[in-house]
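These are the residues of each chain, in order.
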Amino acid sequence: MITNIRIAVLTTLLMTGAAQAAEVIDVYRDPDCGCCKDWIKYLEVNGFSVREHVEPNMSKVKQRLGVAPRLASCHTAMIDGKFVEGHVPVAQILDLKSHPDLVGVSVPGMPAGSPGMDYGQTKQPYQVIGQTLTGTDQVVAEYSGN
Ligand SMILES: [Cu+2]
């Protein structure tokens, strides 16, 4: 009897957790991009529901979605009308909700050690940069290297 109640409580907790974590995100990527697929896997492991779009011309996609060229990386994602450019960690994707002043967030380039770029031992320091409504940059997070 006690065991049954425990299982019921545990099941409810698990289902609640899954429902909260199921953020839907659209990811646009080039057909030949391997690290883009690794970033998608990272999102899925962290509970995101990914809608994948394979695009032959990513620079056109970035232009359409409003990514400033200086902030460009490989893939571009969209969540709640905001862009997520490159290998951005989950924390800053979720944190976009608390930044009404930002149109998107980016990890420019493809720094080694960022999510989906975690091959080998090398970790480069990198910044997560927000693009404001007025077009300026705002550093929202910094990660140190090794
Ligand atoms: Cu990449």
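Residues numbered from 1 in each chain as written. Predicted model: local features only at pLDDT ≥ 70, side-chain atom pairs only at ≥ 80, totals over all residues. Heavy atoms only, no water.

A few points about the state of the cysteines
Item 1. If you walk through the whole model with that rule in mind, you get one disulfide.
Item 2. One disulfide in the model links C33 with C36; its S-S distance is 2.0 Å. Given an S-S torsion of about 75 degrees, the disulfide between C33 and C36 has right-handed geometry. Exposure class is identical for C33 and C36. Each is buried. (Disulfide = S-S within 2.5 Å. Buried < 20%, exposed > 50% of the residue type's maximum accessible area, 1.4 Å probe, protein only.)

Considerations on the coordination of the copper ion
Item 1. Bound to the copper ion on the protein side are C35 (SG), C74 (SG), H87 (NE2) and M110 (SD), at distances that span 2.1 to 2.5 Å.
Item 2. Around the copper ion, the four donor atoms are arranged such that angles at the metal cover 89 to 130 degrees; this shape is classified as tetrahedral.
Item 3. Donor residues binding the copper ion come from one chain and are separated in sequence as C-x38-C-x12-H-x22-M. Note that C35 is positioned in helix α2 (residues 34–45) and C74 in the loop between α3 (58–65) and β3 (76–79), a separation of 39 residues in sequence. C74 matches C35 in its accessibility class, with the two residues each being buried. (Donors = N, O, S within 2.8 Å, 3.2 Å for Na, K, Ca; no water. Tetrahedral: all angles 85-135°; square planar, octahedral: opposite > 155°, others 65-115°. Helix = DSSP H or I, 4+ residues; strand = E, 2+ residues; numbered from the N terminus.)

Remarks on the pairing of strand β2 (residues 49–54)
Item 1. Pairing of strand β1 (residues 24–29) with β2 involves six bridges; the strand directions are parallel. Of the residues in β2, the one forming a bridge with D26 is R51.
Item 2. Following the chain from β1 across α2 to the adjacent parallel β2, one finds a crossover that is right-handed. (Pairing = 2+ DSSP bridges. Right-handed = clockwise from strand over helix to strand, strands pointing away.)

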